[in-house]
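Residue-level structural notes
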Amino acid sequence: MKKILISEFGDANKLQLAQVEIPSVAEGKVLVQVDYAGVNFIDTYQRQGVPVYNMVLPFTPGMEGAGVVTEVGIGVSDFKVGDKVAWTAALGSYTQFHLIDATKLVKIPAELDTKIAAAAMLQGLTAQYLSDATFPIKPGDVALVHAAAGGTGYLLCQMILARGGKVIASTSTDEKEKLIKKLGIAHIIRYDKEDILTKVKEFTNGIGVNVVYDGVGQKTFDQSILSLKPRGMMVLYGAASGQVPPFDLQRLNAGGSLYITRPTLFHYISELSEYRRRSEELFKLISSGKLEIRIHHTYDLTDSKKAQEDLASGKTSGKLLIKTS
C-alpha cells in the first residue's frame, strides 16, 4: 500500500510517498480501507514540528478521514467488516489502509457517503464544541468569526446562527464574501482592506462582541481582544497566520475582565460517549440539511504536498480532501 511519510520536520517538501505493507490487525484495532483523508492546519503544524504537538519522527500525517472496515481485531464488537466509518484524532490518515483503535471510530449513517463524512469530522466537530461547550451560544449572543469562509469558520457560522446567535464575519476576498452572504450574514468585515476593530464597534454600537472565535492567530489576535465587550471571551482555536507571541495577562483586566482560552478538539472528545454524541449531532445536522459541507478540492495522495500548500495559502474556501485509493 501507499502512504505519506514525514522523516524530518520542515516545509511541505518533507511529505514523501512510501510503499509499505498493509498493517496486520491487532487486538482492539480496526483495519480501514481509507477513501478520503481530511487536510487540516494541524497537519501543517505537526509537519513543522511545533513543540506543543510532541511529534516523533517518522510519522504519517492526517488526523481525520473516512472509509470502510476490512478487518476487525479481537475484542472489537462495535464494528464489522463493511461498515462505513469516520474518525478524527487518529494520526496517520494520509494512507490507503489505516489501523485504528476502535474507540477512535464512529459509524457513518447510511444516508451519508464517506466523502461528506471525511470532510465534516475535524472541522465539523470543532465548530460543534466551540459553539456548544467552549462558549455556549445563546439566543442574542454576538460572535466575531474570523476566516468565516474557511472550512471551520463556515460551519461555525451556521451553528451559531442555528443556536440563535448573531455573527460578524471576517474574510479577505470578494468570492469569500459572497459565500458568507449566502448564509444570511449581513455584517461582514473585509480584513484585507478594513480595520476589524472599527467595523466591530460600528456593527455593535460601540459595545463589542460576546465572543471572538479566532483560528487565524497572529494577524488578528490583538484586534480580536480589543473587539470584546467587558467579560467577553477570546477563543483562540488555531494559528493559520502564525503562533501568537507571549501574552500579558494584565491586558485581560484592562479590557474589561476578559476571558481567554486556547481549546483543542481532542480534549472535548476524549471520552468515547462524548465523542459519539458530538458526532451524532453533527451527522444529524448534515442529514437534515441544516449544515452545508463545502468541499473546495480533492487531491490524489501523490499531491499531498500541494494540498497542504494550498491550505496554508489562505486562498481556499471549504474543505480540502485527499483521495487515497
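Remember, it's a predicted structure, so these values are computed and weren't measured experimentally. (Residues numbered from 1 in each chain as written. Predicted model: local features only at pLDDT ≥ 70, side-chain atom pairs only at ≥ 80, totals over all residues. Heavy atoms only, no water.)

**Some words on the overall build of the chain**
When helices and strands are tallied, the chain shows nine helices and 15 strands. For the chain, whose C-alpha radius of gyration is 20 Å, the value lies close to the compact-globule estimate of 20 Å for 325 residues. Within the chain, the proportion of its 325 residues that are buried is 52%. Within the chain, residue pairs in contact and separated by at least 24 positions form 69% of the contacts whose partners lie at least 6 positions apart. For the chain, the exposed area adds up to about 14,300 Å²; of that, 51% sits on carbon and sulfur atoms. Here the chain contributes 37 positive and 34 negative side-chain charges, whose respective centroids are spaced 4 Å apart. (Helix = DSSP H or I, 4+ residues; strand = E, 2+ residues; numbered from the N terminus. Rg over C-alpha atoms; globule rule 2.2 N^0.38 Å. Buried < 20%, exposed > 50% of the residue type's maximum accessible area, 1.4 Å probe, protein only. Contact = heavy atoms within 4.5 Å. Areas by Shrake-Rupley, 256 points an atom, 1.4 Å probe, with all protein chains shown as cover. Lys, Arg positive; Asp, Glu negative; His and termini not counted. Charge placed at Lys NZ, Arg CZ, Asp CG, Glu CD.)

**Let's talk about the layout of surface pockets**
Here the largest pocket defines a volume of roughly 920 Å³. Lining the largest pocket we find 42 residues, and of these Phe41, Ala147, Gly215, Val216 and Ala240 sit closest to its centre. Those elements giving two or more residues to the lining of the largest pocket turn out to be helix H1 (41-48), helix H2 (114-134), helix H3 (151-162) and helix H9 (304-313). Element by element, the count of residues in the lining of the largest pocket is highest for H2, at four residues. Considered class by class, the residues forming the lining of the largest pocket number 20 nonpolar, 18 polar and four charged. (1 Å grid on protein atoms, 1.4 Å probe; cavity = no way out; pocket = protein on both sides within 12 Å on 5 of 7 lines; lining within 4 Å. Points joined across faces, edges and corners; volume = space filled by probe spheres on them. Nonpolar A, V, L, I, M, F, W, Y, C, P; charged D, E, K, R; others polar.)

**Some details on the pattern of salt bridges**
Evaluation of the coordinates by the stated rule reveals 17 salt bridges. Salt-bridge contacts for Glu281 lead to Arg277; the nearest nitrogen and oxygen are separated by 3.0 Å. Residue Glu281 and its partner Arg277 are located together in helix H8 (residues 272-287), separated by four residues, close to a single helical turn. Connected via shared salt-bridge partners are Asp174, Glu177, Lys181, Arg190 and Asp192. (Salt bridge = Lys/Arg side-chain N within 4 Å of Asp/Glu carboxyl O.)

**Thoughts on H2**
Compared with an ideal rise of 1.5 Å per residue, which puts 21 residues at 30 Å, H2 spans 28 Å between its outermost C-alpha atoms and is within 8% of the ideal. The principal kink in H2, of about 50°, is found at Met121. Counting buried positions along H2 gives 17 out of 21 residues, so the element sits mostly inside the fold. Two or three places before Lys115, at the opening of H2, Asp113 has a side-chain oxygen 3.2 Å from that residue's backbone nitrogen. (Expected span 1.5 Å × (residues − 1). Bend = angle between axes of the 7 residues up to and from the residue. Polar contact = N/O pair within 3.5 Å; in protein donor to acceptor, adjacent residues only side chain to side chain.)

**Focus on the sheet that holds strand E9 (residues 166-171)**
Spatially, E10-E9-E8-E11-E12-E13 is the arrangement adopted by the six strands of the open sheet, whose pairing is parallel. The open sheet is flanked by strand E10 (187-190) and strand E13 (259-261), the only strands paired with a single partner. Strand-to-strand twist in this sheet, taken as the mean axis angle between neighbours without regard to direction, amounts to 15°. Sheet analysis places strand E12 (residues 228-236) next to E13, joined by three bridges and oriented parallel. Residue pairing in the sheet places Met233 in a bridge with Tyr259 of E13. (Pairing = 2+ DSSP bridges. Axes fitted to C-alpha atoms, helices over the stretch in contact; angles between N-to-C directions.)

**With respect to the pairing of E9**
The two faces of the sheet receive side chains in turn, since in a regular strand these alternate between them. Where burial is concerned, most of E9 is hidden: five out of the six residues are buried. In terms of handedness, the path from strand E8 (residues 142-145) via H3 over to E9 forms a crossover that is right-handed. Where E9 lies against E10, four bridges are found, and the strand directions are parallel. When the bridges of E10 are listed, Ser170 appears paired with Ile189. Crossover handedness for the path E9 to helix H4 (residues 174-181) to E10: right-handed. (Right-handed = clockwise from strand over helix to strand, strands pointing away.)

**Observations regarding the packing of aromatic side chains**
The relation between two aromatic rings is expressed through the spacing of the ring centres and the mutual angle of the planes. Applying the stated criterion across every chain yields a total of four aromatic pairs. Summarising the aromatic geometry, the rings of Tyr45 and Tyr53 are spaced 6.2 Å apart at their centres and angled 20° between planes, so their arrangement reads as stacked. The buried category is assigned to Tyr45, whose relative accessible area is 7%. Overall, Tyr53 belongs to the partly exposed group, its relative accessible area being 24%. Their ring planes at 90° and their centres at 5.3 Å tell us that Phe221 and Phe247 sit as a pair that is edge-to-face. Placement of the pair is Phe221 in helix H6 (residues 221-226) and Phe247 in the loop between E12 and helix H7 (250-254), with a sequence separation of 26 residues. Exposure remark for Phe221: the relative accessible area of 4% places this residue in the buried category. Phe247 gets classed as partly exposed once you look at its relative accessible area, which sits at 22%. Clustering of aromatic rings is evident, with ring pairs tying together Phe41, Tyr45 and Tyr53. If you follow Arg294 out to its NZ or CZ, it ends over the ring of Tyr154, 5.5 Å from the centre. (Phe/Tyr/Trp six-rings, centres within 6.5 Å; stacked < 30°, edge-to-face > 60°. Lys NZ or Arg CZ within 6 Å of the ring centre and 35° of its normal.)

**Some points on the packing of H2 against H8**
In contact at an axis separation of 9 Å, H2 and H8 are set at 110° when each is read in the N-to-C sense. One way to sum up the angle between H2 and H8 is to call them roughly perpendicular. Here Ile116, Ala117, Ala120, Met121, Gly124, Leu125, Gln128, Tyr129, Asp132 and Ala133 of H2 come into contact with H8, specifically with Tyr275, Arg277, Arg278, Ser279, Glu281, Leu282, Phe283 and Ile286. (Parallel < 35°, antiparallel > 145°, perpendicular 65-115°, else oblique.)

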